[in-house]
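Listed below are the residues making up each chain.
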Amino acid sequence: MLEKNITEKNIETFVIKFYTKIMEDDEVGPFFIGILGDDINNKKWKEHIEVLSDFWASVTLGHRSYMGSPFAPHRQLQGLKRETFYRWLEIFFKTLDETYENETSLVFKETGSIMAQNFMRNLKL
């Protein structure tokens, strides 16, 4: 059953499901595995999932738990291409469609699309 309402719990569930798919993807996965490892239950991944869950709770629920800069960690990554961001969005949208009702997922999709465009522009891709 798809979620109608956004909650902290289903945000975390979504983030875990999304990054599990990311790790399995040949285009995007290596960027994350290279930094965080290949075990989503390790300490680095758990910290990343917590940060991303806080980020999405801030965006969707107005929480003030995220205090970082989404762009900063991506500046140091080598080999990113426009296709990498398009693939990230494809997996992101698919996972949202498997998690939330269409109307509910729109805030995630809009923010994710804007972020991907901004990242590509700022990285000059």
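Nothing here was measured: the structure is a model prediction, and the numbers come from that model.

*Asks:* I keep staring at the nonpolar core and nothing clicks. Help me out?
*Replies:* Nonpolar side chains in soluble globular proteins tend to end up buried together. In this structure, Y19, F32 and W88 are the most contacted members of the largest nonpolar core, which totals 35 residues. Elements with a contribution of two residues or more to this core: helix 1 (8–24), helix 2 (29–36), helix 3 (43–61), helix 5 (82–99) and helix 6 (102–122). Sorting elements by how many residues they give to this core places helix 1 first, with 7 residues. In this view, W88 contacts F18, Y19, I22, V28, F32 and G112; residues no more than four positions away in its chain are not counted.

*Asks:* Looking at this structure, how should I read the packing of helix 5 against helix 6?
*Replies:* Between two packed helices, the angle of one axis relative to the other and the distance separating the axes together describe the packing. Remark: helix 5 packs on helix 6, axes separated minimally by 10 Å, with the N-to-C direction vectors making an angle of 175°. The orientation of helix 5 relative to helix 6 falls into the category roughly antiparallel. Here R82, F85, Y86, W88, L89, F92, F93, L96 and D97 of helix 5 lie close against helix 6, whose contacting residues are S105, F108, K109, G112, S113, A116, Q117, F119 and M120. Looking at side-chain class alone, the contact of helix 5 with helix 6 contains 11 nonpolar, 4 polar and 3 charged residues.

*Asks:* Would you take a moment to explain the packing of aromatic side chains for this structure?
*Replies:* Here a ring pair, both rings aromatic, is described through the centre-centre distance and the interplanar angle of the planes. Within the structure shown, the criterion is met by 19 aromatic pairs. Arranged with centres 6.2 Å apart and planes meeting at 55°, the rings of F14 and Y100 form a pair that is tilted. With F14 in helix 1 and Y100 in the loop between helix 5 and helix 6, the pair connects residues that are 86 residues apart, well separated along the chain. Given a relative accessible area of 1%, F14 falls into the buried group. In this structure Y100 comes out as buried when scored by relative accessible area, which is 1%. The aromatic ring of F93 is capped on one face by K109, whose charged end is 5.4 Å from the ring centroid.

*Asks:* Would you take a moment to explain unusual backbone geometry for this structure?
*Replies:* Residues other than glycine predominantly adopt negative phi, and peptide bonds predominantly adopt the trans conformation. One non-glycine residue, K124, lies in the positive phi region at around 60°. As for its position among the elements, K124 is in the segment after helix 6.

*Asks:* Can you walk me through the packing of helix 3 against helix 6 in this structure?
*Replies:* Interaxial distance between helix 3 and helix 6 falls to 10 Å at its minimum, and their mutual angle equals 115°. In the packing of helix 3 onto helix 6, the handedness of the crossing is right-handed. In this structure, helix 3 contributes F55, W56, V59 and T60 to the contact, and helix 6 contributes V107, F108, T111, G112 and M115. Classifying every residue of the contact of helix 3 with helix 6 gives 6 nonpolar, 3 polar and no charged.

Parameters and conventions
Sequence positions are assigned chain by chain, starting from 1 and proceeding in written order. Two thresholds apply to this predicted model, a pLDDT of at least 70 for residue-level local features and 80 or more for giving and counting side-chain atom pairs, whereas whole-chain, interface and lining totals are computed over all residues. Side-chain metrics in this entry use all non-hydrogen atoms of the structure; hydrogen atoms and water are not considered. The criterion is simple. A nonpolar core is a set of buried Ala, Val, Leu, Ile, Met, Phe, Trp, Tyr and Cys residues joined through side-chain atoms within 4.5 Å. Burial classification: accessible surface area is computed with a 1.4 Å probe over protein chains only, and a residue below 20% of its type maximum counts as buried, one above 50% as exposed, and the rest as partly exposed. Think of it this way: any DSSP run of H or I at least four residues long counts as a helix, any run of E at least two long counts as a strand, and we number them from the N terminus. In what follows, a contact means two residues having at least one pair of non-hydrogen atoms within 4.5 Å. Only the contacting stretch of a helix is used when fitting its axis, a line to C-alpha atoms as for every element, and angles between N-to-C directions run 0 to 180 degrees. An angle below 35 degrees is read as roughly parallel, one above 145 as roughly antiparallel, one from 65 to 115 as roughly perpendicular, and any other as oblique. Three classes are used: nonpolar for Ala, Val, Leu, Ile, Met, Phe, Trp, Tyr, Cys and Pro, charged for Asp, Glu, Lys and Arg, and polar for all others, with Gly counted as polar. Note on aromatic contacts: the rings of Phe and Tyr and the six-membered ring of Trp form a pair at centre separations within 6.5 Å, being stacked when their planes are under 30 degrees apart, edge-to-face when over 60 apart, and tilted otherwise. Note on geometry: a ring has a charge over it if NZ (lysine) or CZ (arginine) is within 6 Å of the ring centre and within 35 degrees of the ring normal. What makes a crossing left-handed is the near helix being turned counterclockwise from the far one by less than a right angle; a clockwise turn instead makes it right-handed.

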